Amino acid sequence: MSEVLRTTPLHEEHLRIGAKMVPFAGHSMPVHYPSGIQAEHRRVREAAGLFDVSHMGKVSIEGPGALAFVQHLTVNDVSVLEPGQAQYSAFCREDGGVLDDLLVYRLADRSFLLVVNAANHSGDVGWIRKHEGSFDVQVEDRSERTALLALQGPVAEEILAPLVKIDLGTVGPSRVVRTPISEAPAVIARTGYTGEDGFEIFLEPGDAPRIWRTLLATGEEHGLAPIGLGARDSLRLEMGYPLYGNDLDAEHSALESGLGWIVKLGKGDFLGRDALARQKEAGLSRQLAGILLEEVGFPRPGYAVLSGGEEVGVVTSGTVSPSLGAGIALAYVPVGLSTPGTSVGIRIRDRCVRGAVHPRPFFTRGSRLR
Amino acid sequence: MSEIPTYLYYTDQHEYLKPDPRPGVFTVGITDYAQGELGDVVFLELPAIGATFQASEVMGTIEAVKAVSDIYCPVAGEVMEVNTSLDKDPALVNSDPYGKGWMVRLKPSNLSQVDDLLDAEEYRTLVGK
């Protein structure tokens, strides 16, 4: 590959502690540290983990027209957000196909921060600018000028509390505040992609290595460890969260992708609304479903989903859940087979491994831990 | 740095053969380099005792978190023993690839095929470490 990979402000930190680095969305990123993906996964479920997710795209939209513009761009209803709140959302094309999923942070009345997937970042910025039109806004790509850490796990608050001057108890789920961490300017949000309690922390790049080390050094006694993208993937999959590029793409609409719960057709016009409204009216033919395997097998993207001996769908994400000790997958299947409990199989090489459609999340507190 | 013991035989598929005390029998597994590249091993499909394979024939699979890989029979031969402890603890392949993480004991049908395999120095050159 001749493409030069970008590095995050924490690149040297990753190398120093023995991370295995891989190319991901144009960035050199840690896939795991010496302890390995499964140990890292368990660490996040049982204590806490620190992730470098600085590769994510960050775009600010500010100005008198910011609310109306973000409302136009995204499928969820931004008007319900108070300043200091975040929501999960998506960009859709006019035909309803998903361009990206994202988090919308309303930092102030007229100030929004959109966090998008690294792989789609430049396409998203182009899409945003293309639709800027007459909206009275300033759009700024802050990706390179913002580092992003995720501190996730049941003891995340205990680790972060001594480093901030505010009471983190006042920062509820999906809340976001601007407050220094260990004297570095920061934006701290109670959001994440693991299903655990935790925070995402936006920093200036120059502060990121010191805050990374401070968190790891002070969090160690609480069980904190650095976590790579490998465990980030299995953690999100146990929660049934879709990943763009695997489970979400422009060929599937937001409704087919299981994002119907964030598509607010009643909020007024937005990009993709008409197509999504028509599709909702007409009914879906296929839908993203969770599958839990009942026999031993490791489902992977591209494997066929079987029903009555026929290929009826395809796996888009899969792993063996470290928490459940069983194969779990997301797959597009015909709507008639998407009801939880429906028996399906996944073809793993020459075998049909039996399983059933399962509600998401696959894992909740109290689920069987291996 | 991956460990490459000097007294073993190696293949370009990152398997090793380790001489067993029983004459004409070799322990087969994957190298430290291979387990490092695969990452956490989740489970394995190993052949049955008594099965025979040609050299480079697929005799099993390794399911790791990152990818699935075939296990190739390094030389033609018969499977004498299978490491059943990997059923319960597949992570032994990661933690002790040359010891408790072994996969099968193989009786080569032609010992000269073993002599044709790579030695530690050649294998080190292959993996570039």
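Starting from 1, residues in each chain are numbered consecutively following that chain's sequence as written. Chain letters start at A and ligand numbers start at 1, both assigned in the order the entries are written. Under the rules for a predicted model, residues below a pLDDT of 70 receive no local features and side-chain atom pairs below 80 are neither given nor counted, while totals for whole chains, interfaces and linings still include all residues. No hydrogens and no water enter the side-chain calculation; it runs on all heavy atoms of the structure.

It is worth spelling out the sheet that holds strand β4 (residues 57–62) of chain A at this point. All names here are of chain A. Between any two strands, at least two bridges found by DSSP are needed for them to pair. Secondary structure is summarised from DSSP: a helix means a run of H or I of at least four residues, a strand means a run of E of at least two, and numbering begins at the N terminus for each. Taken in spatial order, the five strands line up as β5-β6-β7-β4-β8 in an open sheet, and their pairing is antiparallel. The open sheet has two free edges, formed respectively by β5 (85–92) and β8 (138–141), since each of these has just one partner strand. Strand-to-strand, the axes of this sheet are offset by a mean angle of 25°, without reference to chain direction. Contacts were defined at the residue level, with two residues in contact if any of their heavy atoms lie within 4.5 Å. To obtain an axis, a line is fitted to C-alpha atoms, over the contacting stretch when the element is a helix, and the angle between two such axes runs from 0 to 180 degrees between their N-to-C directions. Contacting β4, β5, β6 (98–108), β7 (111–116) and β8, helix α3 (residues 66–73) runs over the sheet at an angle of about 135° to β4.

It is worth spelling out the domain arrangement of chain A at this point. All names here are of chain A. For chain A, the domain assignment lists domain 1 (11–54 + 146–238), domain 2 (57–144) and domain 3 (260–358). For domain 1 and domain 3, the distance between their C-alpha centroids amounts to 30 Å. In this assembly, seven residues from domain 1 lie in contact with nine residues from domain 3. Buried area, as used here, totals the accessible surface that two parts lose on assembly, with accessibility defined by a 1.4 Å probe and the loss added over both. Summing both sides of the interface, domain 1 and domain 3 together bury roughly 660 Å²; the carbon and sulfur share of this comes to 62%. Just to be clear on terms, a salt bridge is a Lys or Arg side-chain nitrogen sitting within 4 Å of an Asp or Glu carboxyl oxygen. The tally of links between domain 1 and domain 3 comes to zero salt bridges. N or O atoms within 3.5 Å of each other form a polar contact, as long as, within protein, one can give a hydrogen and the other can take it, and as long as residues adjacent in sequence are counted only when both atoms are side-chain atoms. The interface formed by domain 1 and domain 3 contains four residue pairs in polar contact (both at pLDDT 80 or more). Within the residue set of the side of domain 1 that touches domain 3, elements represented by two or more residues are α2 (37–46) and α7 (229–238). For the side of domain 1 that touches domain 3, the leading source of residues is α7, giving four residues. For the domain bounds, the source is a domain assignment made automatically or taken from a database.

Next up on the list: α2 of chain A. For every residue, the accessible area (1.4 Å probe, protein chains only) is compared with the maximum for its type, and the residue is labelled buried under 20%, exposed over 50%, or partly exposed between those bounds. Listing the buried residues of α2 of chain A in full gives I37, Q38, E40, H41, V44 and R45 of chain A. Projection of α2 of chain A onto a plane perpendicular to its axis shows the buried side chains occupying an angular sector of 160°, all on one side. Its buried side turned inward, α2 of chain A meets β2 (27–32), β3 (48–52), β9 (147–152), β13 (224–226) and α7 of chain A together with β4 (41–45) of chain B. This arc is taken over the directions from the axis of the helix to the C-beta atoms.

Moving on, we come to the environment of Y241 of chain A. Tracing the sequence through the fold places Y241 of chain A in the loop between α7 and α8 (273–282). Beyond its immediate stretch of four places on either side in the chain, Y241 of chain A contacts Y193, T194, G195, R236, D247 and L330 of chain A.

Residue and element names in this part refer to chain A. With their axes 8 Å apart at the nearest point, α2 and α7 run at an angle of 55° to one another. Our classification of the angle between α2 and α7 gives oblique. Like other packed secondary-structure pairs, α2 and α7 cross with a definite hand, here right-handed. Taken together, the residues of α7 that come into contact with α2 (itself represented by I37, E40, H41, V44 and R45) are G230, A231, S234, L235 and E238. Geometric relationships in this document are graded by angle, where less than 35 degrees denotes roughly parallel, more than 145 denotes roughly antiparallel, 65 to 115 denotes roughly perpendicular, and other angles denote oblique. With the far helix as reference, a near helix turned anticlockwise by less than a right angle produces a left-handed crossing, and one turned clockwise produces a right-handed crossing.

This brings us to the side chain of S143 of chain A. Residue and element names in this part refer to chain A. If you trace the backbone, S143 turns up in the loop between β8 and β9. One polar contact links S143 to H121, side chain to side chain, over a distance of 2.9 Å. With near-sequence residues (within four places) excluded, S143 lies in contact with S54, M56, G57, K58 and H121.

Pairing of aromatic side chains requires ring centres within 6.5 Å, counting the rings of Phe and Tyr and the six-membered ring of Trp. Pairs whose planes differ by under 30 degrees are stacked, by over 60 edge-to-face, and all others tilted. Counting across every chain of the model gives seven aromatic pairs over all chains. Ring geometry for F69 of chain A versus F135 of chain A: centroids 4.9 Å apart, planes at 35°, classification tilted. You can see F69 of chain A sitting in helix α3 and its partner F135 of chain A sitting in the loop between α4 (121–130) and β8, a full 66 residues away along the chain. By relative accessible area, F69 of chain A is classed as buried at 0%. On the numbers, 6.0 Å between centres and 80° between planes, the contact of Y9 of chain B with F26 of chain B is edge-to-face. Of this pair, Y9 of chain B sits in strand β1 (residues 9–10) while F26 of chain B sits in strand β3 (residues 26–30), placing them 17 residues apart in sequence. Residue Y9 of chain B is classed as partly exposed on the basis of its relative accessible area, which comes to 26%.

The next thing to look at is the side chain of Q152 of chain A. All names here are of chain A. Positionally, Q152 belongs in strand β9. Residue Q152 is classed as buried on the basis of its relative accessible area, which comes to 1%. Reaching out from Q152, the side chain makes a polar contact with the backbone oxygen of T191 at a distance of 3.0 Å. Side-chain polar atoms of Q152 contact the backbone oxygen of F199, separated by 3.4 Å.

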